[in-house]
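Structure at a glance
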Amino acid sequence: MSGRKWNFNPGPSGLPEPALEKARESLLDFDGTGIGIMETSHRAKEFDAVFQGVKERLARVLGLPADRKILFFGGGASLQFSVLPMNLLPAGGQADYVDTGTWAGKAIKAAELVGKVNVVATSKDDEGKFPRVPSPDEIKTTGGAAYMHLCSNNTIAGTQFHAWPDTGDVPLIVDMSSDIACRELDWSKFDMAYAGAQKNLGPAGVTVVIISDRLLDRCGDSLPMLLNYKAMAAKDSLGNTPPTFPIYMVGLVTQWIEDQGGIRAVEKTNRAKAGLLYGLFDDKPDYFRAPVEKASRSLMNVVWRLPTEDLEKQLIAEATADGFVGLKGHRSVGGLRASIYNAMSLQGVEQLVDYLKKFAAR
Ligand code: PMP
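Notes on the structure follow. Here, residues in each chain are numbered from 1, in the same order as that chain's written sequence. Only residues with pLDDT of at least 70 are given local features in this predicted model, and only at 80 or more are side-chain atom pairs given and counted; all residues enter the totals for whole chains, interfaces and linings. Values reported for side chains reflect all heavy atoms of the structure, with hydrogen atoms and water molecules removed beforehand.

Re the packing of aromatic side chains
Test applied: Stacked, tilted and edge-to-face pairs are distinguished by plane angle, under 30 degrees for stacked and over 60 for edge-to-face with tilted covering the rest, among Phe, Tyr and Trp rings (Trp via its six-membered ring) whose centres lie within 6.5 Å.
Taken as a whole and assessed by the stated rule, the structure comprises 16 aromatic pairs. Relative to W164, the ring of F161 lies with its centre 6.1 Å away and its plane at 20 degrees, an arrangement referred to as stacked. Ring-pair connections join several aromatic residues into one group, and the members of that group are Y278, F281, Y287, F288 and W304.

What to know about helix α7 (residues 244–260)
Since the α-helix packs 3.6 residues into each turn, any two residues three or four apart lie on the same face. The test is simple: Helix and strand assignments come from DSSP, with helices taken as H or I runs of at least 4 residues and strands as E runs of at least 2, each series counted from the N terminus. Any helix carries an expected span of 1.5 Å times its number of residues minus one. The buried label applies to any residue whose accessible area, calculated with a 1.4 Å probe on protein chains only, is under 20% of its type's maximum; exposed applies above 50%, and partly exposed to all values in between.
The end-to-end C-alpha distance of α7, which contains 17 residues, comes to 25 Å, matching closely the 24 Å that a straight helix rising 1.5 Å per residue would cover. With 13 of 17 residues buried, α7 lies mostly within the body of the structure.

A word on the pairing of strand β4 (residues 116–122)
The following threshold applies: Strand pairing follows a simple DSSP-based rule, namely that at least 2 bridges must link the two strands. By the criterion used throughout, a crossover qualifies as right-handed when its path from the first strand across the helix to the second strand runs clockwise, the strands pointing away from the viewer.
Relative to β4, strand β3 (residues 94–99) runs parallel, the two sharing six bridges. Bridge pairing in β4 places D96 opposite N118. Of the crossover connections in this fold, the one passing from β3 over helix α4 (residues 102–112) to the parallel β4 is right-handed.

Some points on the environment of N228
Using the following cut-off: Residues count as neighbours in contact if any of their non-hydrogen atoms are within 4.5 Å of one another.
Residue placement: N228 occurs in the loop between α5 (213–218) and α6 (229–234). With a relative accessible area of 4%, N228 lands in the buried category. Ignoring anything within four residues of it in the chain, the contact list for N228 reads N87, G220, D221 and L223.

Let's talk about the side chain of R57
We apply this condition: None of His or the chain ends enter the tally, which takes Lys and Arg as positive and Asp and Glu as negative. One side-chain nitrogen of Lys or Arg within 4 Å of one carboxyl oxygen of Asp or Glu is enough to make a salt bridge. Distance and chemistry together define a polar contact, namely a pair of N or O atoms within 3.5 Å, with one atom able to donate a hydrogen and the other to accept it when in protein, and with adjacent residues in sequence counting only for side-chain atoms on both sides.
On the secondary structure map, R57 appears in helix α2 (residues 45–62). No salt bridge is formed by the buried R57; the nearest opposite charge belongs to E258, separated by 4.1 Å. At a separation of 3.4 Å, a polar atom in the side chain of R57 contacts the side chain of Q255. Not counting chain neighbours up to four residues away, the residues in contact with R57 comprise G251, L252, T254, Q255 and E258.

Observations concerning a positive patch on the surface
To keep things clear, this is the line we draw: Every patch collects residues that have over 30% relative accessible area and no salt bridge, joining them within 9 Å if they carry like charges and within 5 Å if they are nonpolar side chains (Val, Leu, Ile, Met, Phe, Trp, Tyr). Surface accessibility follows the Shrake-Rupley procedure with a 1.4 Å probe radius. Residue values consider only the protein chains on display as shielding. Where a charge lies is defined by one atom per residue type, namely NZ (Lys), CZ (Arg), CG (Asp) and CD (Glu).
Together, K106, K109, K124, K313, K328 and R331 make up a region of like positive charge exposed at the surface. Locating K106 in the fold gives a position in helix α4.

Quick notes on the site of the ligand
Applied cut-off: Throughout, the term near means that a residue has one or more heavy atoms lying within 4 Å of the molecule or strand in question. Three classes are used: nonpolar for Ala, Val, Leu, Ile, Met, Phe, Trp, Tyr, Cys and Pro, charged for Asp, Glu, Lys and Arg, and polar for all others, with Gly counted as polar.
Inspection of the region around the ligand gives 13 residues, with S78, T155, D175, Q198 and K199 positioned closest. Side-chain polar atom of T155 to an oxygen atom of the ligand: 2.4 Å apart, as the coordinates give it. Here D175 contributes a side-chain N or O atom positioned 2.6 Å from a nitrogen atom of the ligand. Starting from 400 Å² of accessible surface for the ligand in isolation, the protein chains cover 85%. Residues of the shell around the ligand, tallied by class, amount to four nonpolar, seven polar and two charged.

Details of the nonpolar core
Here is the rule: What makes a nonpolar core is a set of buried Ala, Val, Leu, Ile, Met, Phe, Trp, Tyr and Cys residues whose side-chain atoms join them at distances within 4.5 Å.
With 51 residues, the main nonpolar core has L62, F72, M176, W187, L201 and I210 as its most contacted residues. Looking at this core element by element, the count peaks at nine residues for α7. If we skip the residues at most four places from it in the chain, W187 touches L62, G63, L64, P65, R68, M176, A193 and I210. Formed by 31 residues, the second largest nonpolar core is a distinct cluster that contains L299, A319, F324 and A360.

Side note on the pattern of salt bridges
A full pass over the atoms with the stated rule returns 22 salt bridges. E258 is the partner of R60 in a salt bridge, and the nearest nitrogen-oxygen pair spans 2.8 Å. Of the two residues, R60 sits in helix α2 while E258 sits in helix α7, which places them 198 residues apart along the sequence. Here R183 makes a salt bridge to D179, at a shortest N to O gap of 3.2 Å. Neither residue differs from the other here; R183 and D179 are each classed as buried. Shared partners join several salt bridges into a network, and the residues in it are K22, E25 and D31.

Keep in mind these numbers describe shape, not what the thing actually does.
In structure tokens:
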């Protein structure tokens, strides 16, 4: 599509063009019904087919075990920071949290309003930065904890877990907002995961919660329906009007993942993309400084610095004018960041790497 730029925004971010094109068609006439997808009732049989199909396809694409339920919420991943402990941190109980940066920290703060939180591991360094994630053996569960929570990919710090702690009987719950569907995972390790759609799954407006039946059984009954995992599961997320269009888009994006050859193929491309950028930084460490420890490098959010902040500003300004948008690091940490979610093509990253090489040479 002409005029489209290379979009390295951290989220909302680029979506696969075939999904956008299909959506454009469906806005005016959804599959020959004569009304648009946004205009279709969430109780209509046409929407029900979409809805059931999205759940089935997402479960298939991710490789979920049969005892996992997929729920759809509004409110972003941030709402889940609170809803999770409201459901699963019982009065008098405690929960273990791993602190790996901004979003993990917000999840901790939200849980502390509900009950007792143990921060069982942190990767904060002396300067207050998070240049790595803790290794599995640094993360010990507290006996009797209701669950352990961690953030698999730290969108701002540019770090990602590549190995998981052994939590024994304590259910592991993961904020996968910025890396869901980026790689093959053994889902038997996670009792629950949640992710705002707006990075790897679709547009902003819907959050996917994936939860095991055994964890659902532990959820309290007293919460209002829209905050209650058990009630939401009983109503199949249709207790009120769900975000129908974002859910439809999640279906188109997962369809695109299947068309690429599934998660395995997408992961291969993601590793190639990240490898190009990190390879450049490792080749020219005097110019490109990659602050994240190698074992913790993210496949999704690649962060780096240049020799001076002035050069960083210059690069961002020039790159934006030349069609590479979204490269500014998060305001809390500065520097540069390329968010290279699933929809970013290998070609886009090749062009960025080429551009960075030329900038450095100049
Ligand atoms: N967790 C992570 C890892 C994130 O990257 C973000 C958003 N960038 C959030 C949670 C918060 O998501 P939302 O804005 O959907 O509430």
